[in-house]
Amino acid sequence: MDRRIPIPGSTARRRGETLLNDIEYRFRLMGQGPSPLSVDGRSLGLGLPRRTIALPELSAILMHPSCGYAARDAVWRLLVQHARTGDPSWCAGAVGVALPGLRFKAYLLAKLFTGDVQAAIVEHFLRALGTIDLDRPGVVGNLLSAAFSKARTELRGLEPASSGTPSHAPGAVSSPAAYGHPDVVLARAVAAEVISADDAELIGATYLEDVSLTAYAERTGEPRWNLYKRRSAAVARLRAAIESGALSDAYAEVVTEATSAVALDAPTARKRP
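The rules we used
- Note on numbering: residues in each chain are counted from 1, in written sequence order.
- For a predicted model such as this one, the threshold for reporting local features is a pLDDT of at least 70, and the threshold for listing and counting side-chain atom pairs is 80 or more; totals across whole chains, interfaces and linings nevertheless cover every residue.
- Only hydrogens and water are set aside when side-chain values are computed; all heavy atoms of the structure are taken into account.
- For every residue, the accessible area obtained with a 1.4 Å probe (protein chains only) is divided by the maximum for its type, and the residue is called buried under 20%, exposed over 50%, and partly exposed between those limits.
- Labels follow the DSSP assignment, with helices taken as runs of H or I lasting at least four residues and strands as runs of E lasting at least two, numbered in each case from the N terminus.
- Any pair of nitrogen or oxygen atoms within 3.5 Å is treated as a polar contact; in protein, a donor-acceptor pairing is required on top of that, and neighbouring residues in sequence qualify only through side-chain atoms on both sides.
- Pairing of aromatic rings covers Phe, Tyr and the six-membered ring of Trp, with a centre-to-centre limit of 6.5 Å; geometry is then stacked below 30 degrees between planes, edge-to-face above 60, and tilted otherwise.
- Note on criteria: charge over ring means Lys NZ or Arg CZ within 6 Å of the ring centre, with the direction from the centre no more than 35 degrees off the ring normal.
- In this description, contact between two residues means that some pair of their heavy atoms is separated by no more than 4.5 Å.
- Definition used for salt bridges: Asp or Glu carboxyl oxygen within 4 Å of a side-chain nitrogen of Lys or Arg.

Got a sec to walk through helix H5 (residues 88-97)? Specific residues and values, please.
Burial of H5 is extensive: seven of the 10 residues sit out of reach of the surface. Buried within H5 are the following residues: Trp-90, Cys-91, Gly-93, Ala-94, Val-95, Gly-96 and Val-97. The N-capping residue of H5, defined by a side-chain oxygen 2.8 Å from the backbone nitrogen of Ser-89, is Asp-87.

Could you give an account of the packing of aromatic side chains, naming the residues involved and the relevant values?
Each aromatic ring pair is specified by the distance between its two centres and by the angle formed by the two planes. Under the counting rule described, the total for this entry stands at two aromatic pairs. Ring plane angle 85 degrees and centroid distance 6.2 Å describe the contact between Trp-76 and Phe-125, whose orientation is recorded as edge-to-face. Residue Trp-76 is located in helix H4 (residues 69-83), and its partner Phe-125 is located in helix H7 (residues 117-129); the two are separated by 49 residues in the primary sequence. Using a relative accessible area of 3% as the deciding quantity, one classes Trp-76 as buried. Judged by its relative accessible area of 0%, Phe-125 is buried. When the ring centre of Tyr-69 is taken as reference, the NZ or CZ atom of Arg-72 above it lies at 5.5 Å. Across from the ring centre of Phe-148, 5.7 Å away, lies the NZ or CZ of Lys-105, which sits over that ring.

Mind laying out the environment of Trp-76, listing which residues take part and the relevant values?
C-alpha separation for the pair Trp-76 and Val-140, spaced 64 residues apart in sequence, amounts to 6.4 Å. Other than its neighbours up to four places away in sequence, Trp-76 contacts Leu-62, Ala-94, Val-97, Ala-98, Phe-125, Val-139, Val-140 and Leu-143.

Got a sec to walk through the environment of Val-190? Specific residues and values, please.
Counting through the fold element by element, Val-190 comes out in helix H9 (residues 182-191). Taking the relative accessible area as the measure of exposure, Val-190 reaches 4% and is therefore buried. As for Val-190 and Lys-111, which are separated by 79 residues in sequence, their C-alpha atoms are 8.2 Å apart. Not counting residues up to four positions away in its chain, the partners in contact with Val-190 are Tyr-107, Leu-108, Lys-111, Ile-195, Ser-196, Ala-197 and Ala-200.

Hey, could you go over the pattern of salt bridges for me, with residue numbers and the actual values?
As enumerated under the stated definition, the model contains 11 salt bridges in all. The closest approach of N and O atoms between Arg-28 and Glu-24, which form a salt bridge, is 3.7 Å. Separated by four residues within a single helix, Arg-28 and Glu-24 lie in helix H1 (residues 16-30), roughly one turn from each other. According to the relative accessible area criterion, Arg-28 is partly exposed, its value standing at 39%. Residue Arg-127 is joined to Glu-123 by a salt bridge in which the shortest nitrogen-to-oxygen separation is 3.1 Å.

Report on the environment of Val-97, specifying residues and quantitative values.
By secondary structure assignment, the location of Val-97 is in helix H5. Each C-alpha atom of the pair Val-97 and Val-140 lies 9.8 Å from the other, and the pair is 43 residues apart in sequence.

Right under this line is the structure:
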């Protein structure tokens, strides 16, 4: 069922180079005051703190390596359910909790297109909140991948015809290096031209976000075998760069371990240190 989530009217019109920073600022404010937007860790369980958790703190907890997949999915199912009530605060809260992933997806899009990538990824993430299947594991990964695919399609349709390299929008391609996450390694690999932005999205979705290769192929329309061959070649380049030290990073080992599987459609999961 397509549950429409209200999209703030300013989102699609504001310039992308400041949008995510503005969202982060407002998200931090949501965690302040006597009644911040929060979830009940006691009810959720699964290793979460047994107390009220404000959303900015919740976002940090979900990013920590000690937080398991079951806890992430439980939290994200709750956030999506709250967002589907139509409450703008919970819609904004879900975007805030997803900011690290949204920054990475926007970075990849900005390597491909000159349009307002941040506005596009936020708009389609909000739309995905209303349509994503909550019974599938990897809720936030599915949300981010769906938003990326839709935003890429939209931006490609708006892109002026060109045979050269896109000239990126000002401020849109700054690396999200301040955010400690395995995705940062992929972003650095794209910046170093070790892999393409499309390859980074493919690796991130199918190895780090629990999206199966079959589901990814259905979403993008590219044959599964072609995706497998492209992913294998990109992984080989990525691992060689990591092993040579060219992409030295605290999370490089995580990416190396996560991409060690070679099955055509085996379930994949990020291994934690």
